[in-house]
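Descriptive analysis of the structure
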Amino acid sequence: MNTKRIVITGGPGTGKTSVIEKLEEGGHYCFHEIIRSMTLEAKKNGKSEEFVSNPIISVSDPIAFNKMLLEGRVKHFKEADDLKEEQVFYDRGIPDVLAYMDYFKQSYTKDFIEVCRAHTYDLIFILPPWEAIYISDNERMESYAEAKEIHTQLEQTYHSLGYKPITVPKGTVEERLTFILNHIKPL
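Residues numbered from 1 in each chain as written. Predicted model: local features only at pLDDT ≥ 70, side-chain atom pairs only at ≥ 80, totals over all residues. Heavy atoms only, no water.

**Regarding the pattern of salt bridges**
Inspection of every chain in the model, using the stated rule, returns 7 salt bridges. Linking Glu-174 and Lys-22 is a salt bridge whose minimum nitrogen-to-oxygen distance equals 3.3 Å. Here Glu-174, found in helix H7 (residues 173-184), pairs with Lys-22, found in helix H1 (residues 16-25); they are 152 residues apart in sequence, far enough to count as distant. On the accessibility criterion, Glu-174 (44% relative accessible area) is partly exposed. What you see here is one network of salt bridges that share partners, running through Glu-33, Arg-73, Arg-92 and Asp-96. (Salt bridge = Lys/Arg side-chain N within 4 Å of Asp/Glu carboxyl O. Helix = DSSP H or I, 4+ residues; strand = E, 2+ residues; numbered from the N terminus. Buried < 20%, exposed > 50% of the residue type's maximum accessible area, 1.4 Å probe, protein only.)

**Quick look at the nonpolar core**
Among the nonpolar cores identified, the biggest contains 31 residues, and Tyr-90, Ile-94 and Tyr-121 are the most heavily contacted of them. Of all the secondary structure elements, the ones that give two or more residues to this core are helix H3 (62-79), strand E3 (87-91), helix H4 (95-103), helix H5 (110-118), strand E4 (123-127) and helix H6 (144-160). At 6 residues, the largest contribution of residues to this core is made by H4. Not counting chain neighbours up to four residues away, the residues in contact with Tyr-121 comprise Arg-5, Val-7, Phe-77, Tyr-90, Gly-93, Ile-94, Pro-95 and Tyr-163. Core analysis: the second largest hydrophobic core is formed by 15 residues, Phe-89, Leu-123, Phe-125 and Ile-166 among them. (Core = buried A, V, L, I, M, F, W, Y, C linked by side-chain atoms within 4.5 Å. Contact = heavy atoms within 4.5 Å.)

**Points about the packing of aromatic side chains**
For the structure shown, the criterion picks out 9 aromatic pairs. Taken together, a centroid distance of 5.3 Å and an interplanar angle of 70° make the contact between Tyr-90 and Tyr-121 edge-to-face. Here Tyr-90, found in strand E3, pairs with Tyr-121, found in the loop between H5 and E4; they are 31 residues apart in sequence, far enough to count as distant. Tyr-121 carries the same exposure label as Tyr-90, and that label is buried. Ring centres 4.8 Å apart and planes at 80° place the aromatic pair Tyr-103 and Phe-104 in the edge-to-face group. Here a set of aromatic residues connected by ring pairs shows up, and it is made of Tyr-29, Phe-31, Phe-77, Tyr-90 and Tyr-121. The lysine or arginine in question, Arg-5, covers the ring of Phe-77, its NZ or CZ lying 3.9 Å from the ring centre. (Phe/Tyr/Trp six-rings, centres within 6.5 Å; stacked < 30°, edge-to-face > 60°. Lys NZ or Arg CZ within 6 Å of the ring centre and 35° of its normal.)

Just geometry here; none of it tells us what the structure is for.
Structure (structure tokens):
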């Protein structure tokens, strides 16, 4: 079966997880974001008082942290091959790793880009920044201003890899879900 791979992405606090959870409730297969568990682990092993933003800039070895993140997302990508699903959804895609590294001005080798090019998705939905729903928490440490900048970087990264992200309008979770599902029907 040729499973369609669909990414739900966006800056922090845009409602991605709520959309993914609603997709899952509707019977859709979803791969969950892995950065939150990695963030908690990095904070546990580091000095939590130093975390003022994303842990990507606070871990002792950002390249190793990002390689782990990249490997986790590639693992999710490959796991879809073994599923008997018409389509699967991902809470963030492999290119998100590049976007965050670019945002935090971290260098990376071309193998990071090659991994993104070797594992392509069918559709990318991007949720825009939305101040009314934005909340910082123990794993989401960016300010709303940073979230907007990360959104811009995500758009640029996906475009640079040949994708045309579809912006999901602000609205209730149900409205956003309907928008996404209506765009998937032609697949």
